[in-house]
Amino acid sequence: MTRTLLLGARVLDPGAPPGPAAVEIVDGTITQVRPAHEARGTTGGGTDDQVLRLDGALITPAFVDAHVHATSTGLLVDGLDLAGCPSPRALLDAVRDRSTARPGALVWGHGWQEQTWGAPPPTRAELDRAAQGAPVYLSRIDVHSALVSSDLAPSGAPDGPLSADAHHHARRAALAAVDPSVRDAAQRAFLEAAAARGVGVVHECAGPDISSRADLAALLARAAAGQGPDVVGYWGEAVTTADQARDLLAATGAHGLAGDLFVDGSIGSRTAALAAPYTDAPGCTGNRYLDAGQVAAHVAACTAAGVQAGFHVIGDAAAQILVDGLRRARTSAAGPVRHRVEHLEMVDAGQIAVLAAHGVVASVQPLFDACWGGPHGMYAQRLGSRAAAMNPFAALHAAGVALALGSDSPVTPVGPWEAVRAAVAHRTPGSGLTQAQAVAAHTVGGHRAAGDTDPLAGRILPGAPAGYAVWDGSVLGTGTDTDGRTDACLRTVQRGRVLHDTLLTGRAPAVAPFRA
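Cut-offs used in this document
Residues numbered from 1 in each chain as written. Predicted model: local features only at pLDDT ≥ 70, side-chain atom pairs only at ≥ 80, totals over all residues. Heavy atoms only, no water. Pairing = 2+ DSSP bridges. Helix = DSSP H or I, 4+ residues; strand = E, 2+ residues; numbered from the N terminus. Axes fitted to C-alpha atoms, helices over the stretch in contact; angles between N-to-C directions. Parallel < 35°, antiparallel > 145°, perpendicular 65-115°, else oblique. Left-handed = near helix turned anticlockwise from the far one by under 90°. Contact = heavy atoms within 4.5 Å. Nonpolar A, V, L, I, M, F, W, Y, C, P; charged D, E, K, R; others polar. 1 Å grid on protein atoms, 1.4 Å probe; cavity = no way out; pocket = protein on both sides within 12 Å on 5 of 7 lines; lining within 4 Å. Points joined across faces, edges and corners; volume = space filled by probe spheres on them. Buried < 20%, exposed > 50% of the residue type's maximum accessible area, 1.4 Å probe, protein only. Lys, Arg positive; Asp, Glu negative; His and termini not counted. Salt bridge = Lys/Arg side-chain N within 4 Å of Asp/Glu carboxyl O. Polar contact = N/O pair within 3.5 Å; in protein donor to acceptor, adjacent residues only side chain to side chain.

Student: Teacher, can you tell me more about the sheet that holds strand β7 (residues 80–81) here?
Tutor: Think of a sheet as strands paired side by side through backbone hydrogen bonds, with each pair either parallel or antiparallel. Strand order in the open sheet formed by five strands is β7-β8-β9-β10-β11, and the pairing between neighbours is mixed. Sheet topology places β7 and β11 (162–163) at the edges, where each strand pairs with a single neighbour. As defined by bridge partners, strand β9 (residues 136–140) adjoins strand β10 (residues 145–148) across three bridges and the pair is classed as antiparallel. By the bridge assignment for β10, Tyr-137 is matched with Val-148.

Student: What's the story with the packing of helix α14 (residues 416–424) against helix α15 (residues 435–442) in this structure? I'm lost.
Tutor: Helix packing geometry: the angle between the two helix axes and the distance between the axes. Running from N to C, α14 and α15 cross one another at 135°; their axes reach a closest spacing of 9 Å. Accordingly, the angle class assigned to the pair α14 and α15 is oblique. When you trace α14 past α15, the crossing you get is right-handed. Packed against α14, whose contacting residues are Pro-416, Trp-417, Ala-419, Val-420, Ala-423 and Val-424, the element α15 presents Gln-435, Ala-438, Val-439 and His-442 at the interface. Partitioning the contact of α14 with α15 into residue classes produces eight nonpolar, two polar and no charged.

Student: Looking at this structure, how should I read the layout of surface pockets?
Tutor: As a volume, the largest pocket reaches approximately 350 Å³. Forming the boundary of the largest pocket are 19 residues, of which Leu-75, Asp-78, Arg-102, Leu-106 and Val-182 lie nearest the centre. Of all the secondary structure elements, the ones that give two or more residues to the lining of the largest pocket are α2 (88–101), β8 (107–112) and α5 (180–195). Ranked by residue count, the leading element in the lining of the largest pocket is α5, at four residues. Counted by class, the lining of the largest pocket contains twelve nonpolar, three polar and four charged residues.

Student: What is the right way to look at the side chain of Arg-124 in this model?
Tutor: Relative to the helices and strands, Arg-124 resides in helix α3 (residues 124–131). Notably, Arg-124 is buried but unbridged: the nearest opposite-charge side chain belongs to Asp-159, and the N-O separation is 4.4 Å. Here the side chain of Arg-124 touches Pro-158 through a polar contact of 2.7 Å, landing on its backbone oxygen. Excluding residues within four positions of it along the chain, Arg-124 makes contact with Val-148, Ser-149, Ser-150, Ala-153, Ala-157, Pro-158, Asp-159, Gly-160 and Leu-162.

Student: Even after reading the chapter, I still don't get the sheet that holds strand β17 (residues 403–405), so can you show me in this structure?
Tutor: The strand order across the open sheet formed by four strands is β14-β15-β16-β17, and the pairing between neighbours is parallel. Since the sheet does not close on itself, it has two edges, and those belong to β14 (310–313) and β17, each with one partner. Across the sheet, the mean angle from the axis of one strand to that of its neighbour is 25°, orientation sign disregarded. Pairing of strand β15 (residues 340–343) with strand β16 (residues 361–364), which is carried by three bridges, proceeds in the parallel orientation. Within β16, the residue paired with Val-341 across the bridge is Ala-362.

Spatial relationships are all this shows, so hold off on functional conclusions.
Structure, rendered in structure tokens:
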């Protein structure tokens with residue numbers, strides 16, 4: 001029998017005592033949570049007992065990042081981080097430097113945003129000259145368009161950034177050029193960095209237009225071997241019958257047929273499906289990859305098979321397609337599985353009511369609002385006054401739609417506290433969550449989004465599996481830039497497994513700089 005006593009930290013759980021607490025864990029299960037002054041006698045003095053004195057620290061449930069792309073994030077450890085790239089010339093210089101240093105090797109990059117450049121993105125010929133014969137794949141920050149070299153572009157593709165099917169073709173070609181050993185190193189780097197940020201579970205949103213079956217299989221195998229956080233794998237591919245759903249689930253090893261099954265694209269790439277044209281692109285209403293009939297068929301097939309379905313939905317027209325599809329499928333909140341929707345950025349009160357009635361879980365990304373919301377952000381540039389109503393977290397919560405928070409990494413960084421703060425400090429007054437609601441959505445909500453009905457999942461209560469993170473106490477600062485917060489995660493544990501630890505090593509957390 002192995003006992004661990006966490007002594008003196010504050011526990012952030014609605015059922016925990018106020019003030020310093022003692023949390024006892026026996027063989028991977030939380031057995032006691034009580035005030036610290038009552039801790040005497042909670043361990044038996046055995047040789048396997050461990051007492052960690054955590055005065056001034058904070059204990060939370062291990063966070064769940066409900067939407068990630070592990071390999072493409074991990075590839076940035078050795079790729080081109082183009083966040084903040086100031087101009088097309090700077091982008092070309094970065095490609096030229098990398099190609100000179102590694103002749104012929106794939107140049108993988110991510111994060112450029114053209115709206116502040118004041119000049120059009122590079123042409124494909126310019127990119128080819130900079131690459132010096134190397135294949136190049138550079139995804140825009142939203143990963144719904146990319147600049148690619150000629151050898152990765154499909155025949156007849158237009159010049160400049162590729163989107164929709166042309167982008168999916170180029171992305172598949174780029175991922176096929178990634179050596180398996182490089183892929184494995186990228187996945188390992190991602191999982192280690194997620195654990196170092198207090199994340200115990202990630203939802204990998206894979207699919208034929210975003211990654212590959214081999215990529216998902218490698219990630220699931222790594223998680224099954226206990227190498228890092230738990231991975232809930234989703235495969236976003238449409239089906240029309242229950243047998244197809246069961247067969248696809250068996251073939252991919254996925255948890256459900258959800259995640260990035262695209263109904264539309266993104267606001268930044270102007271591929272999100274809108275009811276009215278983009279403000280900065282008159283005549284453009286984005287892309288519609290599925291119609292209501294296809295949505296209904298997928299939901300009905302998955303429901304019949306007992307499989308979780310889900311969709312990528314951002315624009316208001318896409319939200320209506322989803323709602324119409326759910327109505328046709330005739331599912332309800334009392335059904336055997338709760339389906340999910342990713343992002344759900346433009347949704348009105350009527351649509352929210354339908355989603356609540358069907359028991360749909362919304363997997364949302366608060367850092368989208370932090371990065372691109374507000375009266376002068378990218379959303380306002382693309383949508384005008386419509387941008388203020390985006391990401392209505394408070395309305396979703398009030399209507400009873402279950403929320404789960406995630407990063408969509410590498411679109412925004414894996415960072416639970418950054419996401420919590422962004423959810424609270426929403427750029428549209430009245431649209432944010434309270435801190436308690438945001439933390440619950442990023443912990444309990446993540447488990448619910450994956451269909452876990454255990455009432456103790458994501459909690460720090462007796463009987464719960466030991467899934468927790470220990471933080472420097474300054475993590476709960478005032479929310480200003482000068483309050484001294486460090487967001488330092490000192491230990492991450494999931495189902496009793498220690499994923500990350502600096503308490504016993506004495507080393508400061510080593511976190512790779514994944515950033516958007």
